[in-house]
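Structural description and commentary
Listed below, chain by chain, are the residues.
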Amino acid sequence: MSLTALKLANAGNPVSKFINSPKLPLYAATGLATLHFVLAFNITRLRIAIGKNTDALKPGTPFDFSRRTQLNVAEYTGSLLALLVFIQYKTDNGSELSRFGRFGALLSLFGSYIFTYGYSSQQTQGETPPLRVVGAVSRYIGFALMCIQL
């Protein structure tokens, strides 16, 4: 690491402090859990707002894409959270958090948020928004990088 990078890290730059924090896996796990709960509450809110209107529940509706987004995020959140918490446990017990682990935690966190935005913005069944693909691939690469950290 260069002297300039070390000075920047110690200068109080919030982005550098976040990325170089030994608690980064815990922050990423908190961000993923927050996303999971927000999506679950959103589906509950939508179900209450829709009421007995069964036309709004059909495939291809905005509710359908929101529901499928929440299900997909829920599918991956459990394993990502377990991995992030285990990496944090190892870091707290003396293991060094490598660049792979840092980058993997960030990719899985931001990839999940990008995926959520991309999938939720989908308008029709046949179309796949680019952000959905970018988010999914980022999440997979982040998971792989965190496995290297182990």
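Before reading further, recall that the structure is shown in the block above.
What you see is a predicted model, and the numbers here were worked out from it, not measured in a lab.

As a further point, take the packing of helix 4 (residues 62-92) against helix 5 (residues 99-120). Each pair of packed helices gets described by two things: the angle between the helix axes and the distance between those axes. Two elements in contact, helix 4 and helix 5, have axes whose closest approach is 9 Å; the angle formed by their N-to-C orientations is 175°. Comparing the axis directions of helix 4 and helix 5 gives the class roughly antiparallel. For the pair helix 4 and helix 5, the contacting residues are F65, R68, T69, N72, V73, L80 and L84 in the first and A105, S108, S112, F115, T116, Y119 and S120 in the second. When grouped by side-chain class, the residues that make up the contact of helix 4 with helix 5 number seven nonpolar, six polar and one charged.

Applying the stated criterion to the full structure yields three aromatic pairs. Taking the ring centre of F115 as reference, the NZ or CZ of R139 above it sits at 4.5 Å.

Turning our attention to empty space enclosed by the protein. Throughout the structure, instances matching the rule amount to one cavity of 30 Å³ or more. Its volume calculated, the largest cavity comes out at about 30 Å³. Contributing to the lining of the largest cavity are I87, K90, T91, S95, E96, Q149 and L150. For the lining of the largest cavity, the element with the most residues is helix 4, which contributes three residues. A breakdown of the residues in the lining of the largest cavity according to their chemical character gives two nonpolar, three polar and two charged.

Okay, the side chain of R102 next. Turning to its location among the elements, R102 is positioned in helix 5. Of the buried charged residues, R102 lacks a salt bridge, with E96 as the closest side chain of opposite charge at 6.3 Å. Not counting chain neighbours up to four residues away, the residues in contact with R102 comprise I19, N20, S21, L24 and L97.

To continue, consider the packing of helix 3 (residues 24-50) against helix 4. Closest axis-to-axis distance for the helix 3/helix 4 pair is 9 Å, and the angle between their directions is 155°. Taken together, the axis directions place helix 3 and helix 4 in an arrangement best described as roughly antiparallel. As for how helix 3 packs across helix 4, the hand of that crossing is left-handed. Residue composition of the contact of helix 3 with helix 4, grouped by class: 21 nonpolar, seven polar and two charged.

Thresholds, definitions, all that
- Residue numbering note: each chain is counted from 1, following its sequence as written.
- Owing to the predicted nature of the model, reporting of local features is limited to residues with pLDDT of at least 70; listing and counting of side-chain atom pairs is limited to 80 or more, with chain, interface and lining totals taken over all residues.
- Hydrogens and waters are ignored; side-chain quantities use all the structure's heavy atoms.
- Every axis corresponds to a line fitted to the C-alpha atoms, with the helix fit spanning only the stretch in contact, and the corresponding angles, defined between N-to-C directions, vary from 0 to 180 degrees.
- Comment: elements are numbered from the N terminus, with helices defined as DSSP H or I runs of at least four residues and strands as E runs of at least two.
- Note on angle classes: values under 35 degrees are labelled roughly parallel, values over 145 roughly antiparallel, values of 65 to 115 roughly perpendicular, and the remainder oblique.
- It only takes one pair of heavy atoms within 4.5 Å for two residues to be counted as in contact.
- Nonpolar residues are Ala, Val, Leu, Ile, Met, Phe, Trp, Tyr, Cys and Pro. Charged residues are Asp, Glu, Lys and Arg, and all others, Gly as well, are polar.
- Working definition: rings of Phe, Tyr and Trp (its six-membered ring) pair if their centres are within 6.5 Å, and the pair is stacked with planes under 30 degrees apart, edge-to-face with planes over 60 apart, and tilted otherwise.
- Charge-over-ring contacts are defined here by two conditions on Lys NZ or Arg CZ: a distance within 6 Å of the ring centre and an angle within 35 degrees of the ring normal.
- Put simply, the grid is 1 Å and covers the protein atoms alone, a cavity is a trapped set of points that fit a 1.4 Å probe, a pocket is an open set with protein on both sides within 12 Å along at least five of seven lines, and lining residues have an atom within 4 Å of a point.
- Grid points are joined across faces, edges and corners, and a volume is the space filled by probe spheres set on the points.
- Only protein chains enter the accessibility calculation, which uses a 1.4 Å probe; a residue whose area is less than 20% of its type maximum is buried, one above 50% is exposed, and one in between is partly exposed.
- The sign given to each residue is positive for Lys and Arg and negative for Asp and Glu; His and the chain ends receive no count.
- A side-chain nitrogen of Lys or Arg and a carboxyl oxygen of Asp or Glu constitute a salt bridge if their distance falls within 4 Å.
- Less than a right angle of anticlockwise turn of the near helix away from the far helix marks a crossing as left-handed, whereas a clockwise turn marks it as right-handed.

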